[in-house]
Protein chains: 2
Amino acid sequence: MAEIDTRQRILDAAESLFTEHGFDATTLRQITGAAEVNLAAVNYHFGSKEELIREVFRRRLTWLNQQRLQELDRLEAEAGGAPLKPSRILEVFFGVALKMAADSKGGGRTFMRLLGRTYTKPSEFVRGFLAEEYAAVLARFKAALIKALPGVPQEEILWRFHFMMGAMSYAMSGTDALHIVAKHALDDGDAEALYARLMSFMLGGLRAPLPMLPAGSAKRPRIKKAA
Amino acid sequence: MAEIDTRQRILDAAESLFTEHGFDATTLRQITGAAEVNLAAVNYHFGSKEELIREVFRRRLTWLNQQRLQELDRLEAEAGGAPLKPSRILEVFFGVALKMAADSKGGGRTFMRLLGRTYTKPSEFVRGFLAEEYAAVLARFKAALIKALPGVPQEEILWRFHFMMGAMSYAMSGTDALHIVAKHALDDGDAEALYARLMSFMLGGLRAPLPMLPAGSAKRPRIKKAA
DNA sequence: GTATGATTCAAACAACTGTTTGAAACAGGT
DNA sequence: ACCTGTTTCAAACAGTTGTTTGAATCATAC
């Protein structure tokens, strides 16, 4: 290699700038400028900006989800067929993410902020990529949760899982657009306290009494395709 | 006016396109094309793209927050000084938003999706604008919640409010990037069921047992500026 | 009708975007 | 030394961006 780690330095700079300004607002010239490499290096090493974006996610997401699967495997092996405690399942799924977010030095924190922000605004081509990357993990965790909560309707479990994703994304995105919590509470990196707070909030939501659904919502009337 | 409602048609088209593709990815030519007005009309009526974005938010947000304040006023008047039930407070704050989101014909639904997506990714200049627009409302609702939950530490209440904002933003953004819930469950507009589900989840989270915070987090050690 | 101010329009502007190019610099093996 | 494949570099490319311009068109009042 002529210069060490050109790829890596591009990825690091891109990750950081994407987190700060978003994909569209970040130009290749900003990235290559911050990484102190030539402009053409991005297209040489990654082919295109889109592929660079995908790679920024891939290099961390693969490891993250493997970790989640591994810990779930361990948990289920220990239980030996018996249903798990819901709290244990969530601790694995969200705990791994928040552990990564606590790593401010290795760039994990930056990445989790980026990931949190991306969930809400999937830029067309990232959506498919994310769904694909998550498919296997989600299938396993959904199944585990459903098995762990036999009395609760599946649809309700999935919705609550959806809400939890929202709460975590927002918390991890690190932006408090409306200034709800104290100013420096977010960026001082006290990830452990955040983890404890978020987890008890989510568990409370998961265990909440089932909602009184408006009539006709529980089972949707099938008007079209009556046959 | 030469053509009726040029301003309005630009705002409608912009709102819809911003929701679909984001601010940066939406060009003025797309907007004016969809609105069937001349390209220069945006700069003539709004001055700049940034100001157009602000106006897209302003025209609905002002009404939304006024509505929230009004309903809180009514609630507090009825209570006559006594602390309110937390659930009532949340029903006002989030209920108004979700009622707006249920209005798919008047564009309220589109706007709330846009708002939900914007919370996580405040594009520099939108952040200040949003915070300013929300300041008065948040102050009132924070105070009401704190008064309604005298036993709970204020910091904890604010964090949980923060998490609720996340859950709602995500739910309202209408994107399920990871395909957690069933495909068509999001866009069929069954806002009432969503409201019921989300509200019981959030209330469960609010009432959850307080987290065990790691040592040294409850009261931050003051190292700098010891004097 | 004519004058006036507001609005619309087609065309152009300069600046910036991601990408490509071809030559230069580098590394390692023979 | 030479050759070979990889990587870097400055420069240019074609396309798109938000914005501006000056003339044309409209509505309204006199």
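Residues numbered from 1 in each chain as written. Chains lettered and ligands numbered in written order. Predicted model: local features only at pLDDT ≥ 70, side-chain atom pairs only at ≥ 80, totals over all residues. Heavy atoms only, no water.

*Asks:* Pulling in residues and values, what's your account of the overall build of chain A?
*Replies:* Per the secondary structure count, chain A includes 9 helices and 0 strands. Looking at the 227 residues of chain A, the share that counts as buried comes to 51%. Across chain A, contacts joining residues at least 24 apart in sequence account for 74% of those joining residues at least 6 apart. Accessible area of chain A: about 10,900 Å², with a carbon and sulfur share of 53%. (Helix = DSSP H or I, 4+ residues; strand = E, 2+ residues; numbered from the N terminus. Buried < 20%, exposed > 50% of the residue type's maximum accessible area, 1.4 Å probe, protein only. Contact = heavy atoms within 4.5 Å. Areas by Shrake-Rupley, 256 points an atom, 1.4 Å probe, with all protein chains shown as cover.)

*Asks:* Mind laying out the nonpolar core, listing which residues take part and the relevant values?
*Replies:* Leu-52, Phe-94 and Tyr-134 of chain A together with Leu-52, Phe-57, Phe-94 and Tyr-134 of chain B are the most contacted members of the largest nonpolar core, which has 144 residues in total. Dropping the residues within four chain positions of it, Leu-52 of chain A is found in contact with Ile-10, Leu-11, Ala-14, Leu-28, Ile-31, Val-42 and Phe-46 of chain A. (Core = buried A, V, L, I, M, F, W, Y, C linked by side-chain atoms within 4.5 Å.)

*Asks:* How would you summarise the protein's contact with DNA strand C if you had to cite specific residues and measurements?
*Replies:* Taken together, 17 residues form the shell around DNA strand C, and within it Thr-27, Arg-29 and Lys-49 of chain A together with Thr-6 and His-45 of chain B come nearest. Take the atoms of DNA strand C that sit within 4 Å of the protein: sugar and phosphate atoms are 52% of them. At 2.9 Å from a base oxygen of DNA strand C is found a side-chain nitrogen or oxygen belonging to Arg-29 of chain A. Take Asn-38 of chain B: an N or O atom from its main chain is 3.4 Å from a phosphate oxygen of DNA strand C. Every element with two or more residues in the surface near DNA strand C is listed here: helix 2 (28–35) of chain A together with helix 3 (40–46) of chain B. In terms of residues, the surface near DNA strand C owes the most to one element, helix 3 of chain B, which gives 3 residues. Tallied by class, the residues present in the surface near DNA strand C amount to 6 nonpolar, 7 polar and 4 charged. (Near = heavy atom within 4 Å. Polar contact = N/O pair within 3.5 Å; in protein donor to acceptor, adjacent residues only side chain to side chain. Nonpolar A, V, L, I, M, F, W, Y, C, P; charged D, E, K, R; others polar.)

*Asks:* Outline the protein's contact with DNA strand D, listing residues and values.
*Replies:* Lining the immediate environment of DNA strand D, one finds 18 residues, of which Thr-6 and His-45 of chain A together with Thr-27, Arg-29 and Lys-49 of chain B sit closest. Protein-proximal atoms of DNA strand D, defined as those within 4 Å of the protein, fall in sugar or phosphate at a share of 52%. A distance of 2.8 Å separates a phosphate oxygen of DNA strand D from a polar side-chain atom of His-45 of chain A. At 3.0 Å from a phosphate oxygen of DNA strand D is found a main-chain nitrogen or oxygen belonging to Leu-28 of chain B. Of all elements in the fold, only helix 3 (41–46) of chain A together with helix 2 (28–35) and helix 3 of chain B reach the threshold of two or more residues within the surface near DNA strand D.

*Asks:* Break down the interface of chain A and chain B for me, citing the residues and quoting the values.
*Replies:* With 65 residues of chain A at the interface, the matching set in chain B holds 65 residues. Looking at the side of chain A facing chain B, the largest losses of area belong to Ile-180, Arg-197 and Phe-201 of chain A, adding up to 14% of the total buried there. Inspection of the chain A/chain B interface yields 4 salt bridges. Residue Glu-156 of chain B pairs with Arg-197 of chain A through a salt bridge whose shortest N-O separation is 2.8 Å. On the surface where chain A and chain B come into contact, there are 11 residue pairs in polar contact (both at pLDDT 80 or more). Secondary structure elements with two or more residues in the side of chain A that touches chain B: helix 1 (6–21), helix 6 (108–120), helix 7 (125–148), helix 8 (154–173) and helix 9 (191–206) of chain A. Considering each element in turn, the side of chain A that touches chain B owes the most residues, 15 residues, to helix 8 of chain A. A per-class count over the side of chain A that touches chain B returns 36 nonpolar, 13 polar and 16 charged. (Buried area = accessible area lost by both parts, 1.4 Å probe. Salt bridge = Lys/Arg side-chain N within 4 Å of Asp/Glu carboxyl O.)

*Asks:* Any details on the packing of helix 6 of chain A against helix 8 of chain A? Residues and values, ideally.
*Replies:* Residues and elements named next belong to chain A. In contact at an axis separation of 7 Å, helix 6 and helix 8 are set at 130 degrees when each is read in the N-to-C sense. Taken together, helix 6 and helix 8 sit at an angle that is classed as oblique. Relative to helix 8, helix 6 is oriented so that their crossing is left-handed. Facing helix 6, whose interface residues are Met-112, Arg-113, Gly-116, Arg-117 and Tyr-119, helix 8 presents Met-165, Ser-169, Met-172 and Ser-173. Grouping the constituent residues of the contact of helix 6 with helix 8 by class yields 4 nonpolar, 3 polar and 2 charged. (Axes fitted to C-alpha atoms, helices over the stretch in contact; angles between N-to-C directions. Parallel < 35°, antiparallel > 145°, perpendicular 65-115°, else oblique. Left-handed = near helix turned anticlockwise from the far one by under 90°.)

*Asks:* Hey, could you go over the confidence of the model for chain A for me, with residue numbers and the actual values?
*Replies:* Per-residue pLDDT for chain A averages 89, and the proportion of residues at 70 or more is 89%. The model gives residues 218–227 of chain A a pLDDT under 50, and that stretch makes 5 contacts with residues more than four places away or in other chains. (pLDDT = per-residue confidence, 0-100.)

*Asks:* Give a description of the side chain of Asp-176 of chain B that names residues and reports values.
*Replies:* Checked against the element boundaries, Asp-176 of chain B lands in the loop between helix 8 (154–173) and helix 9 (191–206). In this structure Asp-176 of chain B is buried but unpaired, with Lys-142 of chain A as the nearest side chain of opposite charge at 6.8 Å. One polar contact links the side chain of Asp-176 of chain B to the main-chain amide nitrogen of Val-181 of chain B, over a distance of 2.9 Å. (Lys, Arg positive; Asp, Glu negative; His and termini not counted.)

*Asks:* Any details on the relation of the copies chain A and chain B? Residues and values, ideally.
*Replies:* Between chain A and chain B, which share one sequence, the superposing operator has a rotation angle of 180 degrees and an axial displacement of 0.0 Å; the RMSD is 0.1 Å. What we have between these two chains is a two-fold relation. The fraction of interface residues of chain A whose copies in chain B are also interface residues reaches 100%, indicating that both copies meet through the same surface. (Least-squares fit on C-alpha atoms with pLDDT ≥ 70 in both.)

*Asks:* Can you explain the environment of Arg-60 of chain B? Please cite residues and give values.
*Replies:* Residue and element names in this part refer to chain B. You can see Arg-60 is positioned in helix 4 (residues 49–79). On the accessibility criterion, Arg-60 (13% relative accessible area) is buried. A sequence separation of 40 residues divides Arg-60 from Met-100, and the C-alpha atoms of the two residues are 9.6 Å apart.

*Asks:* Break down unusual backbone geometry for me, citing the residues and quoting the values.
*Replies:* Residues other than glycine predominantly adopt negative phi, and peptide bonds predominantly adopt the trans conformation. One non-glycine residue with positive phi stands out, namely His-179 of chain A, at about 60 degrees. As for its position among the elements, His-179 of chain A is in the loop between helix 8 and helix 9. By relative accessible area, which is 35% here, His-179 of chain A ends up partly exposed. With phi around 60 degrees, Glu-36 of chain B is a residue other than glycine that occupies positive phi space. For Glu-36 of chain B, the location among the structural elements is in the loop between helix 2 and helix 3.

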